[in-house]
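Structural overview for review
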Amino acid sequence: MTVRKSERLLNLLIMLLVQRTYVSKERIRGILYPDSTTDAFEKMFERDKEELRSLGVPIEVGNMDAFFDDEPGYRIRPDEFALPEINLEADEAAVIGLATRVWEHARLAEATTEAVRKLTALGVPLDVSALDIAQPRLTADEPAFDVFWEATQERTPVEFEYRRSGQPTATTRHLQPWGVVRYSGRWYAVGLDTDRGEERVFRLSRVEGAARKTGEPASYDVPAGTDLRETARRLAPAPTTERAVVLVRAGAGLALRRVAESVETGVDGPDTGTAWDRLVVVRNGQGLADEILGHGADVLVEEPATLRDEVVARLTAAVGGAA
């Protein structure tokens, strides 16, 4: 089975990061590129190395044996790959924490586990703690996300069933995806709609059923100078704003406090275990419920009733599903 490019890059990153010594090219080929010919391996390995380097990954080349000028090996030193110590205020740390919750994907977790398993089976000494600095954490819950993301990396067209707002049924659409971008609290696929011959954005949560990659990889090019976020802002529906009044437990909800229009401290809350504050927040209504739910029992919606009902309904469904 052909290993997807994104998984292959992740496997290479993991392999070079967790080992304590340089890794020979032959060992890399045997573990990560076992079915490739010599020429194919050389090309893919060089491309993958350069792609990781372009992402800021410091791949180091050195001799396998300190006393002999033999075959070079490769590694990534965790101390060079890690960010320097960064001091953030509490509210800044909360925003960074929210922003880094994209990508806690089971698929990438499987790729990580598989890479470590292969290395362990060969008796390679590993420093698995080095993975802490490479752990991705972004959530993308839409089932179609993986297909569009992979198609973007491979430049492969996608066919899918899409139901626009207000339409009773879905229609079949065809897209050459240029990228996947988050805008206004939603994930969108941006690309060329080949049915209409124009650039379009499609909200992934409105894709019904399984999206399908069609055609050959590298069958199109992304137009030079394409700005995915600007395209999404231009073509996606204008974000709606919503005013909400929420009770927030003292010392919690830092991301909400950062954007609050007003804060009233020391108000009565749903329990007396801690103090509570009342915040007036004006945010994009599409993502406000998600953000509030992320704070768990530390935030209670007072108004509007529609937002409160949505949060209650989703919590009730989650409890019912767990039961």
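Our structure's up above, just so we're on the same page.
Keep in mind that what you see is a predicted model, and the values were worked out from it rather than measured.

About the criteria used
Residues numbered from 1 in each chain as written. Predicted model: local features only at pLDDT ≥ 70, side-chain atom pairs only at ≥ 80, totals over all residues. Heavy atoms only, no water. Core = buried A, V, L, I, M, F, W, Y, C linked by side-chain atoms within 4.5 Å. Buried < 20%, exposed > 50% of the residue type's maximum accessible area, 1.4 Å probe, protein only. Helix = DSSP H or I, 4+ residues; strand = E, 2+ residues; numbered from the N terminus. Contact = heavy atoms within 4.5 Å. Pairing = 2+ DSSP bridges. Axes fitted to C-alpha atoms, helices over the stretch in contact; angles between N-to-C directions.

On to the nonpolar core. Membership of the largest hydrophobic core comes to 22 residues, with the highest contact counts inside it found for Leu12, Leu16, Ile28 and Tyr33. Going through the elements one at a time, α1 (5–18), α2 (25–32), α3 (38–54) and β3 (72–76) are the ones with two or more residues in this core. Apart from the residues lying within four places of it in its own chain, the contact partners of Leu12 are Ile28, Leu32, Tyr33, Phe45, Asp48, Lys49 and Leu52. Counting 16 residues, the second-largest nonpolar core is a separate cluster that includes Val147, Trp187, Leu204 and Ala211.

Moving on, we come to the sheet that holds strand β8 (residues 198–203). Spatially, β8-β7-β6-β5-β9 is the arrangement adopted by the 5 strands of the open sheet, whose pairing is antiparallel. The open sheet has two edge strands, β8 and β9 (207–213), and neither has a second partner. This sheet shows a mean twist of 45 degrees between the axes of neighbouring strands, independent of strand direction. Bridging between strand β5 (residues 158–162) and β9 involves 4 bridges; their strand directions are antiparallel. Its bridge partner lying in β9, Tyr162 is registered against Val207. In the packing of helix α7 (residues 145–154) onto the sheet, contacts are made with β5, β6 (171–183), β7 (186–193) and β9, and the angle to β6 comes to roughly 85 degrees. Set on the sheet, helix α8 (residues 228–235) makes contact with β6, β7 and β8; between it and β6 the angle comes to about 120 degrees.

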